[in-house]
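Observations on chain architecture
Each chain, letter by letter, is given below.
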Amino acid sequence: MNRSRPPRLRPAIALALWTLLSACTHPPAPLTHDAYIWQRQWTPSLRESVASSSDLVRDWRVLVAQADNDGGFHVFTPDRAALAATGRPVVFVVRIDGRLSRFDEASLVSRVVTLVRETTATAAGVEIDYDCPTARLPAYASFLRHLKGELGGVPLSITALPTWIGSPDLDTVLAVPDESVLQVHAVQAPQAGLFDPDVAIGWIADFARHTHKPFRVALPTYGSRVSWNADGTLLAVESEQGARAAGAVASELYASPVAVRGVVDRLARGRPAGLVGVAWFRLPTPEDTRAWSLATWRGVVTGKLDAPALRATLRPGTGDAAADVLIDNPGGIDAVAPVAVRLPHGCDVADGVDGYVVRRTDDGLELVSRQARPLPAHVQRPIGWARCPAGSPVTLSIRAEGAPLS
């Protein structure tokens with residue numbers, strides 16, 4: 001039986017098919033890293049952080065203006081020479097207070113466009129950071145369409161909230177900007193913390209199904225002191241600035257560097273379609289006492305984390321003096337303070353300091369964290385004192401975040 005030979009593909013067509021198939025098997029490009037500069041004042045330490053971090057950063061996202069809830073519009077002046085020296089593009093970020101009483105679309109568009117046109121430096125893009133109430137998303141989409149038309153060829157991006165994901169208006173909003181940045185760190189409730197890795201991954205996957213444009217995920221580099229009223233409503237969040245609000249409940253919430261790096265690793269192994277990078281909030285500086293250290297942030301971005309276990313020790317006092325209870329972080333990155341430190345049997349009196357209180361259990365006394373601050377790399381500090389029998393163990397049992405007492 002005669003069989004006709006299949007037609008031979010022309011070389012150009014064969015090459016095109018081979019290229020297409022090869023592209024399908026290539027891994028996606030690595031996630032890029034942007035950093036938010038949220039400081040209003042440019043200090044020497046901020047300039048140093050910017051200069052020493054440019055090797056990690058694709059784009060700077062710099063706060064340049066803010067619309068307050070009372071309608072005031074404040075313009076900030078970043079150090080353009082310091083930014084230019086890094087050789088990295090700059091995205092101008094305009095923050096709009098989510099409590100804005102009257103959203104004047106025409107006025108806001110005019111202010112943003114004027115800001116961009118009057119600035120001598122060229123913006124690589126404009127980002128609107130607006131915690132828009134979900135019910136107002138249609139009006140927000142209208143504003144974005146108006147703004148994008150006035151910006152001409154300047155790329156537009158927005159920050160997005162997970163609370164929008166359930167809204168039928170989300171797709172309409174995301175269709176307007178060139179890209180978006182999903183925030184997955186938030187203050188929700190006293191027991192919910194600042195950052196939950198599993199919840200964040202779920203939000204990212206859900207968000208990816210709503211956008212057909214590139215998007216990034218904003219990951220936290222900071223902690224906050226949060227106060228709630230007796231009815232559970234939020235009273236104050238102290239992050240960049242301290243207010244020391246006197247609420248019924250106050251907690252120190254902190255984004256663990258190890259937990260955040262774990263999310264980066266999970267996204268690198270299996271990212272949803274459209275996810276192109278991470279935008280870090282915010283660039284650490286030595287003056288920012290609620291942010292990670294710069295070394296810790298670099299370790300998280302590069303995946304080079306030196307995180308040995310924390311230690312707790314009892315330092316005997318002199319004579320009849322009580323012993324000091326110390327916690328020590330020997331590693332090279334900042335750490336979440338222990339949830340609890342168990343004192344040796346026989347210790348009959350103790351008290352906590354610096355965010356710790358004493359609690360009596362069936363097994364004896366322990367110091368329990370209530371508002372304990374993170375423990376920076378290579379730092380030891382006291383968390384309380386205790387009167388214990390002579391010869392008590394020096395090394396104490398601790399319970400880290402989410403771990404049993406060891």
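Throughout, a residue's number is its position along its own chain's written sequence, starting from 1. Since the coordinates come from a predicted model, pLDDT governs what is reported: local features require at least 70, and pairs of side-chain atoms require 80 or more to be given and counted, while whole-chain, interface and lining totals use all residues. Where side-chain values are given, they derive from all heavy atoms of the structure, hydrogens and water being excluded.

Digging into the sheet that holds strand β18 (residues 364-369)
Note: two strands are recorded as paired if DSSP finds a minimum of 2 bridges between them. By definition, any uninterrupted DSSP run of H or I lasting at least four residues is a helix, any uninterrupted run of E lasting at least two residues is a strand, and each is numbered from the N terminus. The sheet built from four strands is open, its strands ordered β17-β18-β15-β20 with antiparallel pairing. What marks the edges here is a single partner per strand, and that holds for β17 (356-361) and β20 (397-399). Along the sheet, successive strands turn relative to each other by an average axial angle of 25°, direction set aside. Between the N-to-C directions of two axes lies an angle of 0 to 180 degrees, each axis being a line fitted to C-alpha atoms and, for a helix, fitted only over the stretch in contact.

Observations regarding the packing of aromatic side chains
When the centres of two rings from Phe, Tyr and Trp lie within 6.5 Å, Trp using its six-membered ring, the rings pair. Their planes under 30 degrees apart give stacked, over 60 give edge-to-face, and anything left gives tilted. Here the structure, examined in full by the defined rule, presents eleven aromatic pairs. A ring pair is formed by Tyr36 and Trp38, whose centres lie 5.7 Å apart and whose planes are at 85°; its orientation type is edge-to-face. Each member of the pair Tyr36 and Trp38 is classed as buried. The interplanar angle of 80° and the centroid separation of 5.1 Å between the aromatic rings of Tyr130 and Tyr140 together place this pair among those described as edge-to-face. Highlighted residues: Tyr130 in strand β5 (residues 125-130) and Tyr140 in helix α5 (residues 137-151), separated in sequence by ten residues. Of the two residues, Tyr130 and Tyr140, both sit in the buried class. Here's how the labels work: a residue is buried when its accessible area is under 20% of the maximum for its type, exposed when over 50%, partly exposed in between, all with a 1.4 Å probe on protein chains only.

Overview of helix α4 (residues 105-118)
Residues separated by three or four positions in an α-helix point in the same direction, a consequence of the helix having 3.6 residues per turn. Expected span of a helix, by definition, is 1.5 Å for each gap between consecutive residues, and there is one gap fewer than residues. Compared with an ideal rise of 1.5 Å per residue, which puts 14 residues at 20 Å, α4 spans 20 Å between its outermost C-alpha atoms and is within 8% of the ideal. Of all the positions in α4, only Leu108, Val109, Val112, Val113, Leu115 and Val116 are classed as buried. Each buried residue of α4 lies within a common arc of 155° when the element is viewed along its axis, so the set occupies one face. In α4, the exposed residues that point more than 90 degrees away from the buried face are Arg117 and Glu118. Whether two residues are in contact is decided by their heavy atoms, any of which lying within 4.5 Å being enough. In the core, the buried residues of α4 are packed alongside β2 (60-67), β3 (73-75), β4 (90-96), β5 and α5. Read the arc as the range of directions from the helix axis to the C-beta atoms.

A closer look at the pattern of salt bridges
Each salt bridge in this description consists of a side-chain nitrogen of Lys or Arg and a carboxyl oxygen of Asp or Glu lying within 4 Å of one another. One pass over the full model with this rule turns up 22 salt bridges. With a shortest N-O distance of 2.3 Å, Glu127 and Arg61 are connected by a salt bridge. Placement of the pair is Glu127 in strand β5 and Arg61 in strand β2, with a sequence separation of 66 residues. Where Asp104 meets Arg102, a salt bridge forms, and the shortest distance between an N and an O atom there is 3.2 Å. Arg102 sits in the exposed class, given a relative accessible area of 61%.

Focus: helix α2 (residues 44-53)
Buried within α2 we find Ser45, Leu46, Ser49, Val50 and Ser53. The buried residues of α2 occupy one face: seen down the axis, they fall within an arc of 140°. Residues of α2 that are exposed and point more than 90 degrees away from the buried face comprise Pro44 and Glu48. If you follow the buried residues of α2, they end up packed against β1 (32-37), β2, α3 (80-86) and α9 (294-302).

Considering unusual backbone geometry
For the bond from Phe281 to Arg282, the omega torsion is 10°, close enough to zero to count as cis. Checked against the element boundaries, Arg282 lands in the loop between β12 (275-281) and α9. Within the chain, Asp354 stands out as a residue other than glycine whose phi angle is a positive 55°. With respect to the secondary-structure elements, Asp354 resides in the loop between β16 (349-352) and β17.

Examining the packing of helix α8 (residues 257-269) against α9
The contact between α8 and α9 brings their axes to 9 Å, and the two run at 25°. Taken together, the axis directions place α8 and α9 in an arrangement best described as roughly parallel. Here α8 runs over α9; the crossing is right-handed. Where α8 approaches α9, its residues Pro257, Val260 and Arg261 are matched on the opposing element by Thr296, Val300, Val301 and Thr302. Here the word oblique covers every angle except those under 35 degrees (roughly parallel), over 145 (roughly antiparallel) and from 65 to 115 (roughly perpendicular). Crossing handedness follows the turn of the near helix against the far one: under a right angle anticlockwise gives a left-handed crossing, and clockwise gives a right-handed one.

Here's the deal with the side chain of Ser157
In this structure, Ser157 sits in strand β6 (residues 156-160). Excluding anything up to four places from it in sequence, Ser157 contacts Arg61, Val126, Glu127, Ile128, Pro177 and Glu179.

So, the sheet that holds strand β13 (residues 311-315)
Read across the open sheet, the four strands follow the order β13-β14-β19-β16; overall the sheet is antiparallel. On the outer flanks of this sheet lie β13 and β16, each paired with one strand and no other. On average, each strand axis in the sheet is inclined to that of its neighbour by 30°, with strand direction left out of account. Pairing of strand β14 (residues 323-329) with strand β19 (residues 379-387), which is carried by seven bridges, proceeds in the antiparallel orientation. If you follow Asp324 over to β19, its bridge partner there is Trp385.

Honestly, it's all geometry; don't read function into it.
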